[in-house]
Amino acid sequence: MALFLCTFLFLLVSSATACDRCVHQTKAAYFSKASALSSGACGYGSLALGLSGGHLAAAVPSIYKDGAGCGSCFQIRCKNATLCTKQGTRVITSDLNHNNQTDFVLSSRAFMAMAQKGLGQDILKHGIVDVEYKRVPCEYKNQNLALRVEESSKKPHYLAVKVLYQGGQTEIVAIDVAQVGSSNWSFLTRNYGAVWDTSRVPTGALQFRFVVTGGFDGKMVWARNVLPADWKPGMVYDTKVQISDIAQEGCSPCDDGIWK
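Residues numbered from 1 in each chain as written. Predicted model: local features only at pLDDT ≥ 70, side-chain atom pairs only at ≥ 80, totals over all residues. Heavy atoms only, no water.

Colleague: Tell me about the state of the cysteines, and please be specific about residues and values.
Modeller: Counted according to the given criterion, the structure contains three disulfides. Each sulfur in the disulfide pair Cys-42 and Cys-70 lies 2.1 Å from the other. Taking the torsion about the sulfur-sulfur bond, which here is approximately -90°, the covalent link between Cys-42 and Cys-70 counts as left-handed. In this pair, Cys-42 sits in the loop between α2 (35-38) and α3 (47-52) while Cys-70 sits in the loop between α4 (61-64) and β3 (73-78), placing the two residues 28 residues apart along the sequence. Side by side, Cys-42 and Cys-70 carry an identical accessibility label, which is buried. Across the disulfide from Cys-78 sits Cys-84; the S-S distance is 1.6 Å. Judged by the sign of its S-S torsion, about 105°, the bond between Cys-78 and Cys-84 is right-handed. For the residue pair Cys-78 and Cys-84, the accessibility class agrees, reading buried in each case. (Disulfide = S-S within 2.5 Å. Helix = DSSP H or I, 4+ residues; strand = E, 2+ residues; numbered from the N terminus. Buried < 20%, exposed > 50% of the residue type's maximum accessible area, 1.4 Å probe, protein only.)

Colleague: Pulling in residues and values, what's your account of the nonpolar core?
Modeller: Of all hydrophobic cores here, the largest spans 24 residues; its most connected members are Leu-159, Ile-175, Phe-208, Phe-210, Leu-227 and Trp-231. Of all the secondary structure elements, the ones that give two or more residues to this core are β7 (146-149), β8 (159-164), β9 (172-179), β12 (206-214) and β13 (217-227). Excluding residues within four positions of it along the chain, Ile-175 makes contact with Val-163, Ser-186, Phe-187, Leu-188, Trp-196, Phe-208, Arg-209 and Phe-210. Listed in part, the 22 residues of the second largest apolar core include Val-60, Ile-76, Cys-78 and Cys-84. (Core = buried A, V, L, I, M, F, W, Y, C linked by side-chain atoms within 4.5 Å. Contact = heavy atoms within 4.5 Å.)

Take it as geometry only, folks, not as evidence of what the structure does.
Here it is, written out as structure tokens:
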């Protein structure tokens, strides 16, 4: 496990070059129904609406990152000052965008939220607008990181969990599981999006370790008692830990965090 962790930390440092906290210029379109995004590649389903109040986004592969970008938060605003507000709106990545004309396809609610008061329908008529965006920390007040046990899980042979309420500006790059009190850890594999699974399911109550990007390096977050011995598919379990770290890219600073 030590070699496995060291390999991941090396990859974090060597690959952190995206500078996604920088301001980027692109175009954004929208889906008429938020359900099109909530049923997207991250696997959140109807839970996506509770993560962001329906302010959802499908993102290009460079942001989706094979699922590691699921749950990442972005501040996005359109560049038409007559039509849109200066602050724009915040969205959460819930799907993969295959449209090479835009970096994001937003839910109609998020798209309208970029507009000035009373101009929501006007921005919808444009269909696609010039925007700028940058990644920002996700904030879930009074909400810890949580794991939802997927319906496909079958004790004792298979466990699949969906990661919810991942705060900060990080990416989860590895998850381990062990029986509470044991040091015999098994690793989970990202199945797709925010869903991780394993066929090596320990017995009894379960603890988890998460390797996340943090600072210029990786960080381990240890949730010591998450799933009870009688865990059930379809249930959401509180990890009792919060992630609030900010990952720093290996590039020159590009902004001071203030929209200009």
